[in-house]
Amino acid sequence: MTTTGEARARAERYEPRAFEPKWQARWDELRLHDTNLDDTSRPRFYLLTMYPYPSGALHIGHWYIVTPTDAIARYRRMHGDNVFLPIGFDAFGLPAENAAIKNRINPRDWTETNMENMRRQFRSMGATFAWENEVVTCDPEYYRWNQWMFTKFLENGLAYRSVSPVDWCPNDGTLAREQVEGADRHCWRCGAKVEKRELPQWYLRITDYADELLNFDGIDWPEPIRIMQTNWIGRSAGAEVVFATAPSAHHAGGEELRVFTTRPDTLFGATFMVLAPEHPLVASLTSPDRQTEVEAYVAAATVKSEIDRLSADREKTGVYTGGDAINPVTGERIPIYVADYVLGGYGTGAIMAVPAHDERDFAFAQKYGLPIRRVIMAHGGDPDEPLTQAFVDKAADHAPNGPGPRGPLGGIETLLEARAAVGELVLVNSGQYSGVPAATAWDHIVDTLAEDGKASHAVTYRLRDWLISRQRYWGTPIPVIHCEDDGPVPVPEGDLPVLLPDTVDYRGSGDNPLNHDEAFLAVDCPRCGKPARRETDTMDTFIDSSWYWFRYLSPHNEEGPVDPTLVEQWTPVDQYTGGAEHAVMHLLYSRFFTKAMRDLGLVDQSEPFRRLFNQGQILGADGERMSKSRGNVVDPDDLVARYGADTIRLFLMFMGPWDQGGPWSPTGIGGVSKFLGRVWSIATDPHGHEASDPQSGHLPAGESEADARDRMRTAAHRTLRDVTVDYEGFRWNTMVAKLMELSNVLWRYRGTSVAGLPEWDEAVRLLLLMLAPAAPHITEEIWSRLLEGRGEAWTSIHGQRWPSVDESAAAEATREVPIQVNGKLRDKVTVAMGISQLELEQIVLSRDKVVVAIGDAQVGRIIHAGGGKLVNIVLKA
RNA sequence: GGCGAAGUGGCGGAACGGCAGACGCGGCGGUCUCAAACACCGCUUCCCGCAAGGGAGUGUGGGUUCGAAUCCCACCUUCGCUACCA
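J.: Mind showing me how you'd approach the overall build of chain A here?
T.: The secondary structure content of chain A amounts to 28 helices and 33 strands. At a minimum sequence separation of 6, the contacts of chain A that also span at least 24 residues come to 73%.

Encoded structure:
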């Protein structure tokens, strides 16, 4: 049998379109992937991948996330695990609402249409999702439990309402802190400039869990993610010190002005104070002659954040309020400034400025001619030596509170350690503390002031409470009723869910249509029965994604948000996969929710995801993020139509390390397609050969049949050994490469006398099994043909057990030993595996090339590296 | 400015103390074909050489080691996140 020209036309070629849809339908029909959650006879494997937003169509980035995840699922099934791989849709959110405004259609219809298309596309991947457990977050069956949990949070003091300045985008309404991006403070979604607005808002007390969230014990997460979360939480241990305002012509004085500092040891160097523009005491401290100037500055500061960050000069600005304060240790009168380099939302919104030891304060003091007093220096130095820049001692920088590495991953673990490190630094110009080591003074000053209630140890965090209010329609209505007499009252459990009305008036502006829906708004107060108004804010969609994996276990459960038995049996999630762009927000919120739900008695655990893998992002061919507006979106449907799903799956895995991502380039896709074509030919037409190649059909010169049989067996089992490790570590690119190598070996033997021998058949079988999780259709098709050819009944290849390595087959009889002389490669020699070092040395030293390389020199040591992997002859100098 | 990640052929990448460039793309040459496409075979880090062979080489400069792409120090570049956190 030959394979060329007409003959090739006759031989059946790899034609994925001919069978991929058939198998997808078959797997669905047999319900191969709906998981029996009650089956406890097998080890469970809860595999979760981040559910998509129903934007309308999958792009290649979705395939990049889902395809390897599906391979993990299939691989675990081959190990006998009861795998649960659910999917759903993150179906609330702005794009639906924007589309609604634009096209005057209902967001629900838009969303439903999109989901239907995406479900079809998911099927075309051959992904084995448990569709029976699908969760759609815009379904009342789901969001009612958001509401239910919100009322529980309220009862337990975890939710509260507060009027505060919020970031406001003219298009998208309120934004979370994290949703404001970049130096110019633009909206993460639409890019518009962000303003500030005062609004009553609902918050969740995530900061109550700040310390617990810093602890990653018992979860296997990538270190960069842990570091990012740790830095995001930003725990800072220091002290709060109370300054008193000084009496003046316009001001009685004696008011408390609290500051947060990590350096109370520098208190004697505090020569002025700075308040954030938002600080509540700004107005009362301002003297009449300064009022105009201060008010103008404060007004400018609220807008400023948008405008001036781009202007490269980050020069500090501020104005004197005309008010003064008393330094509690020196008794000095020091001026109080307002400056926007102090943040209203951090610490107390006020600082004591120590220009000698803080770069920002130094710059400010220089600009406004304020005194700079050195209070810390190396022992024995001259305390009056003028400073040309702030003296910030490095060791203190590495304290957990400093700007350097901090927290559990930051090197120096505790303040004590940090203080020990600054032991050689002493206070100067600090009254009774002069000459005292800075480390000692730190505590002493705080403790002494604490006796008079003037200071206390304090911890602050960068992390703020989670603002969940959105002035938007397409989200979970916050279940609260505002009554004139009773204030905000939670909707009673029996009245849940508060349904989102389906027919609303889209005004085309950013304003929430719920504000104008009288049928929705009008309600009686559950407490007093008087007419009241419903809350119109809806919840941040990150609420939806903060517990959805629990709901997958019992998506239709009407008794509660979760089924405690299934939760206990199936969670925490064994493996979570998703994009690294969610490193902080979604993953931190999910951890918080899990802990909060635990404290409400809903779940029995503290961490949601035991193991996390963050894959990289596929960018457009231009290296930019894929987006419709950039026009660089790659449509997988076209690719599937051309190459078939298996080729696309495999190509995405072959591109490079999974956590790396990178720009999309279809170059090379043909190589993967060719590989599958060869697998096809090897398995379905083992005796065919290429007539255009005179060598084809003959064993390589000098190779016996026995050699070839050995080589096939060895190659197959070594590949199995290595590929198994790659599967475990999600190293898809090398996994594919190794399967290509094995196929190259078999390709060479195709049509020769060893094709079809038991070793051949075994190698082919192993190749198919190893390829099955990654390329499920072609392997299933070939598998069924092989069974049919042997007259056996059909069973799915995906129900087979992962093969085990025959170590004796994987072992080789000989090995090639590279020979170095003085670390330079000079020769190689093939020797028997069991050879002794002495024998090896004799052979090595007798090699011509080695003798030449040694020349007249004397042989010194001979190094046998890596258990005989390499020999290095070291010459005497 | 801070934090994180990464710099290896023309390209994606492999190797992560022991043969640098696995596997694939692209390129070049060839077989098949009237021809093209497909398919197949061979070569392909750079420099010198007809070859045998030799030399250089993993962002740059140092260091540790018998041996460094890999470990350590300094620097440069790119990407991501963050933006004065007291």
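Anyway, onward from the coordinates.
J.: What is the right way to read the sheet that holds strand β22 (residues 487-490) from this model?
T.: The strands that make up a sheet are held in pairs by hydrogen bonds between backbone atoms, and each pair lies either parallel or antiparallel. What the four strands build is an open sheet, ordered β22-β21-β24-β23; its pairing is antiparallel. Each of the sheet's edge strands pairs with one partner strand only, and the pair in question is β22 and β23 (522-524). Ignoring strand direction, the axes of neighbouring strands in this sheet form an average angle of 45°.

J.: I keep staring at the sheet that holds strand β27 (residues 612-615) and nothing clicks. Help me out?
T.: Ordered in space as β2-β1-β26-β27, the four strands form an open sheet in which the pairing is parallel. Edge positions in the sheet fall to β2 (82-84) and β27, since each has one partner strand and no second. Within the sheet, the average angular offset between the axes of one strand and its neighbour, ignoring direction, is 20°. Where strand β26 (residues 575-579) lies against β27, four bridges are found, and the strand directions are parallel.

J.: Help me out: how do you make sense of the nonpolar core in this one?
T.: Considering soluble globular proteins, one finds that nonpolar side chains tend to be buried as a cluster. Formed by 174 residues in total, the largest nonpolar core has its most connected members in Ile60, Trp466 and Phe593. Not counting the four nearest positions on each side in its chain, Phe593 is found in contact with Met149, Phe153, Leu204, Trp466, Ile543, Ser546 and Trp547. Counting 46 residues, the second-largest nonpolar core is a separate cluster that includes Ala276, Tyr297, Val319 and Tyr341.

J.: What's the story with unusual backbone geometry in this structure? I'm lost.
T.: Of note, the amide linkage connecting Leu496 to Pro497 takes the cis form, showing an omega dihedral of 0°. Checked against the element boundaries, Pro497 lands in the loop between β22 and α15 (518-521). Cis geometry marks the peptide bond from Thr571 to Pro572; its omega dihedral reads 0°. The topology assignment puts Pro572 in the loop between α17 (564-570) and β26. One non-glycine residue with positive phi stands out, namely Arg104, at about 55°. Take Arg104: it is sitting in the loop between α4 (94-103) and α5 (107-125). For Asn822, which is not a glycine, the phi torsion comes out positive at approximately 50°. Turning to its location among the elements, Asn822 is positioned in the loop between β30 (814-821) and β31 (824-832). Given the relative accessible area of 46%, Asn822 is considered partly exposed.

J.: Before we go on, may I ask you to explain the side chain of Glu607 in this structure?
T.: As for its position among the elements, Glu607 is in the loop between α18 (585-599) and β27. Within polar-contact distance, the side chain of Glu607 engages the side chain of Arg591 at 3.0 Å. A polar contact of 3.0 Å, which involves the side chain of Glu607, links it to the side chain of Lys595.

J.: Would you explain the packing of helix α24 (residues 758-771) against helix α25 (residues 776-789) in this entry?
T.: Relative placement of two packed helices is described by the angle separating their axes and the distance separating the axes. It is the contact of α24 with α25, at a shortest axis distance of 9 Å, that shows an interaxial angle of 145°. Crossing of α24 against α25: the hand is left-handed. For the pair α24 and α25, the contacting residues are Arg765, Leu768, Leu769 and Leu771 in the first and Thr779, Ile782, Trp783 and Leu786 in the second. For the contact of α24 with α25, the residue count by class is six nonpolar, one polar and one charged.

J.: Quick question: what am I supposed to make of a negative patch on the surface here?
T.: On the surface, a cluster of negative charge is made up of Asp109, Glu112, Asp139, Glu141, Glu558 and Glu559. On the secondary structure map, Glu141 appears in helix α6 (residues 140-155).

J.: I would appreciate a short explanation of the packing of helix α3 (residues 60-78) against α5 in the present structure.
T.: α5 packs onto α3 with a crossing angle of 50° between their chain directions and a minimal axis gap of 11 Å. Accordingly, the angle class assigned to the pair α3 and α5 is oblique. Handedness of the crossing formed by α3 with α5: right-handed. Of the residues in α5, those in contact with His62, Trp63, Val66 and Thr67 of α3 are Phe122, Ser124 and Met125. For the contact of α3 with α5, the residue count by class is four nonpolar, three polar and no charged.

J.: How should the side chain of Ser546 be read in this particular structure?
T.: Positionally, Ser546 belongs in the loop between β25 (538-539) and α16 (548-551). For Ser546, a relative accessible area of 0% translates into the label buried. Within the local environment of Ser546, its side chain forms a polar contact with the backbone oxygen of Phe542, the two atoms lying 2.5 Å apart. Contacts of Ser546, omitting those with residues within four sequence positions, involve Trp466, Tyr589, Ser590 and Phe593.

J.: What is the right way to look at the pairing of β27 in this model?
T.: Residues in a regular strand project their side chains so that they alternate between the two faces of the sheet. Burial along β27 is two-sided: the face carrying Leu612 and Asn614 and the face carrying Phe613 and Gln615 are both buried. Regarding topology, α18 serves as the crossover connection from β26 to the parallel β27, and that connection is right-handed.

J.: Sorry, what's going on with the packing of aromatic side chains here?
T.: How two aromatic rings sit relative to each other is given by the distance of their centres and the angle of their planes. For the structure shown, the criterion picks out 49 aromatic pairs. Note on Tyr46 and Phe84: the rings are 5.0 Å apart at their centroids and 55° apart in plane angle, and the pair reads as tilted. Here Phe84 lies in strand β2 and Tyr46 lies in strand β1 (residues 44-49), a separation of 38 residues in the sequence. Considered together, Tyr46 and Phe84 belong to a single accessibility category, that of buried residues. Summarising the aromatic geometry, the rings of Phe122 and Trp131 are spaced 6.2 Å apart at their centres and angled 55° between planes, so their arrangement reads as tilted. The exposure classification of Phe122 matches that of Trp131, with both residues buried. Grouped by ring-pair contacts, the aromatic residues Tyr51, Tyr548, Trp549, Phe550, Tyr552, Tyr576 and Phe609 constitute a single cluster. Looking at Arg76, its charged tip hangs above the ring of Phe45, at a distance of 5.4 Å from the centre. Seen from the ring of Trp221, Arg591 lies directly overhead, with NZ or CZ sitting 5.7 Å from the centre.

J.: When you look at the confidence of the model for chain A in this model, what are you seeing that I'm missing?
T.: Close inspection of predicted coordinates is inappropriate for parts of the model with low pLDDT. Taken as a whole, chain A shows an average pLDDT of 85; of its residues, 90% reach a score of 70 or greater. Model confidence for chain A, summarised as mean pLDDT per element, is weakest for helix α1 (residues 5-10) at 42 and strongest for α24 at 97. Confidence over residues 1-10 falls short of pLDDT 50; this stretch has 16 contacts with residues more than four positions distant or in other chains. Ignoring residues within four places in sequence, the model shows residues 306-313, a span with pLDDT below 50, making six contacts including any to other chains. Across the whole predicted complex the pTM is 0.89, and at the interface the ipTM reaches 0.93.

Rules used throughout
Residues numbered from 1 in each chain as written. Chains lettered and ligands numbered in written order. Predicted model: local features only at pLDDT ≥ 70, side-chain atom pairs only at ≥ 80, totals over all residues. Heavy atoms only, no water. Helix = DSSP H or I, 4+ residues; strand = E, 2+ residues; numbered from the N terminus. Contact = heavy atoms within 4.5 Å. Pairing = 2+ DSSP bridges. Axes fitted to C-alpha atoms, helices over the stretch in contact; angles between N-to-C directions. Core = buried A, V, L, I, M, F, W, Y, C linked by side-chain atoms within 4.5 Å. Buried < 20%, exposed > 50% of the residue type's maximum accessible area, 1.4 Å probe, protein only. Polar contact = N/O pair within 3.5 Å; in protein donor to acceptor, adjacent residues only side chain to side chain. Left-handed = near helix turned anticlockwise from the far one by under 90°. Nonpolar A, V, L, I, M, F, W, Y, C, P; charged D, E, K, R; others polar. Patch = residues over 30% accessible without salt bridge, like charges linked within 9 Å, V, L, I, M, F, W, Y side chains within 5 Å. Areas by Shrake-Rupley, 256 points an atom, 1.4 Å probe, with all protein chains shown as cover. Salt bridge = Lys/Arg side-chain N within 4 Å of Asp/Glu carboxyl O. Lys, Arg positive; Asp, Glu negative; His and termini not counted. Charge placed at Lys NZ, Arg CZ, Asp CG, Glu CD. Parallel < 35°, antiparallel > 145°, perpendicular 65-115°, else oblique. Right-handed = clockwise from strand over helix to strand, strands pointing away. Phe/Tyr/Trp six-rings, centres within 6.5 Å; stacked < 30°, edge-to-face > 60°. Lys NZ or Arg CZ within 6 Å of the ring centre and 35° of its normal. pLDDT = per-residue confidence, 0-100.

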